[in-house]
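Secondary and tertiary structure notes
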Amino acid sequence: MQLHRILIPVDFTPGSTHAIDYGAELACHFESQLMLLHAYRLPSFALPDGALMATPGLVTRITDHAADAMDSCLDSLSERGIEADAMLREGEPSLVISEVASEIGASVILMGTHDGDALVHLLSGSVTERVVRGSRVPVLTIHESMLEAVSKGEFRLPPASV
């Protein structure tokens, strides 16, 4: 099995940071290209008389913050000698993730999972669950506890066989 390109959606939580670490291990093991993606929705609120949308200033702050956080992720990988590409994309995260995976020819989408708030999951589902159900690209989900072990250096992939 060859993983040419690994897509890692990130939301800058500790879980997604750990997923980047796991993806870095996979990329080194399989000599794969890493692509980090931050997909985000702009806030909007439906009101009886219309809708309240994000102002241009708020949009700028959101995208600037995301770009800075993504740069930090890339810098962290670079310090370990790992090359990666990144993109920011506005839209419904689960749809954007699946679209980008197809666009870039990803071999796999790597996503962390965690034990979240049951009420939030009941009302909105999880992005990971929607990606697993809707993507045409294979999705590798790793539970947060395994991701933490990777980040601490407690888990390493065996050497690649030649």
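The coordinates are above.
Note that the structure is predicted; figures quoted are calculated from it, not measured.

1. Side note on helix α1 (residues 14-30)
Here α1 is 17 residues long and its end C-alpha atoms lie 24 Å apart, about the 24 Å a rise of 1.5 Å per residue gives. In terms of residue burial, α1 counts as a mostly covered element, since 13 of its 17 residues are buried. Just beyond α1, the residue with positive phi is Glu31, at close to 55°.

2. Re a negative patch on the surface
Residues Asp64, Asp68, Asp71, Asp75 and Glu79 make up a contiguous surface patch of negative charge. On the secondary structure map, Asp64 appears in helix α2 (residues 56-79).

3. A look at helix α3 (residues 93-104)
Given 3.6 residues to a turn, an α-helix orients residues that are three or four positions apart in the same direction. Its 12 residues place the ends of α3 16 Å apart at the C-alpha level, agreeing with the 16 Å of an ideal helix rising 1.5 Å per residue. Listed in full, the buried residues belonging to α3 are Pro93, Ser94, Val96, Ile97, Ser98, Val100, Ala101 and Ile104. One or two positions beyond α3, positive phi appears at Gly105, with a value near 70°.

4. Describing the packing of α3 against helix α5 (residues 127-134)
Packing of α3 against α5 brings their axes to within 9 Å, and their N-to-C directions diverge by 45°. For the element pair α3 / α5, the angle class is oblique. Remark: the crossing between α3 and α5 carries right-handed chirality. Where α3 abuts α5, its residues Pro93, Ser94, Ile97 and Ser98 lie against Val127, Arg130, Val131 and Gly134. Tallied by class, residues from the contact of α3 with α5 come to four nonpolar, three polar and one charged.

What counts, and at which threshold
Within every chain, residues take consecutive numbers counted from 1 along the sequence as written. Where local features are concerned, this predicted model is filtered to residues with pLDDT of at least 70; where side-chain atom pairs are given and counted, the filter is 80 or more; whole-chain, interface and lining totals use all residues. Water and hydrogen atoms were dropped before computing side-chain values, which therefore reflect all heavy atoms in the structure. To qualify as a helix, a DSSP run of H or I must reach at least 4 residues; to qualify as a strand, a run of E must reach at least 2; elements of each kind are numbered from the N terminus. The span expected for a helix works out to 1.5 Å for each residue beyond the first. Here the term buried applies to any residue with accessible area under 20% of the maximum for its type, exposed to any over 50%, and partly exposed to those in between, with areas from a 1.4 Å probe on protein chains only. Without a salt bridge and with relative accessible area above 30%, a residue can belong to a patch; like charges are then joined within 9 Å and nonpolar side chains (Val, Leu, Ile, Met, Phe, Trp, Tyr) within 5 Å. Under the convention used here, a 1.4 Å probe and the Shrake-Rupley method define accessible areas, while residue burial counts only the protein chains that appear. Salt bridges are identified by distance alone: a Lys or Arg side-chain nitrogen within 4 Å of an Asp or Glu carboxyl oxygen. Asp and Glu count as negative and Lys and Arg as positive, but His and the ends of the chain are not part of the count. For the purpose of locating charges, the reference atoms are NZ of Lys, CZ of Arg, CG of Asp and CD of Glu. For helices, the fitted line uses only the C-alpha atoms of the stretch in contact; every axis is such a line through C-alpha atoms, and the angle between N-to-C directions lies from 0 to 180 degrees. Angle categories are assigned with fixed cut-offs, so that under 35 degrees is roughly parallel, over 145 is roughly antiparallel, 65 to 115 is roughly perpendicular, and the rest are oblique. Less than a right angle of anticlockwise turn of the near helix away from the far helix marks a crossing as left-handed, whereas a clockwise turn marks it as right-handed. Note on contacts: a residue pair qualifies if any of its non-hydrogen atoms lie within 4.5 Å across the two residues. When residues are grouped by polarity, Ala, Val, Leu, Ile, Met, Phe, Trp, Tyr, Cys and Pro land in nonpolar, Asp, Glu, Lys and Arg in charged, and all others, Gly among them, in polar.

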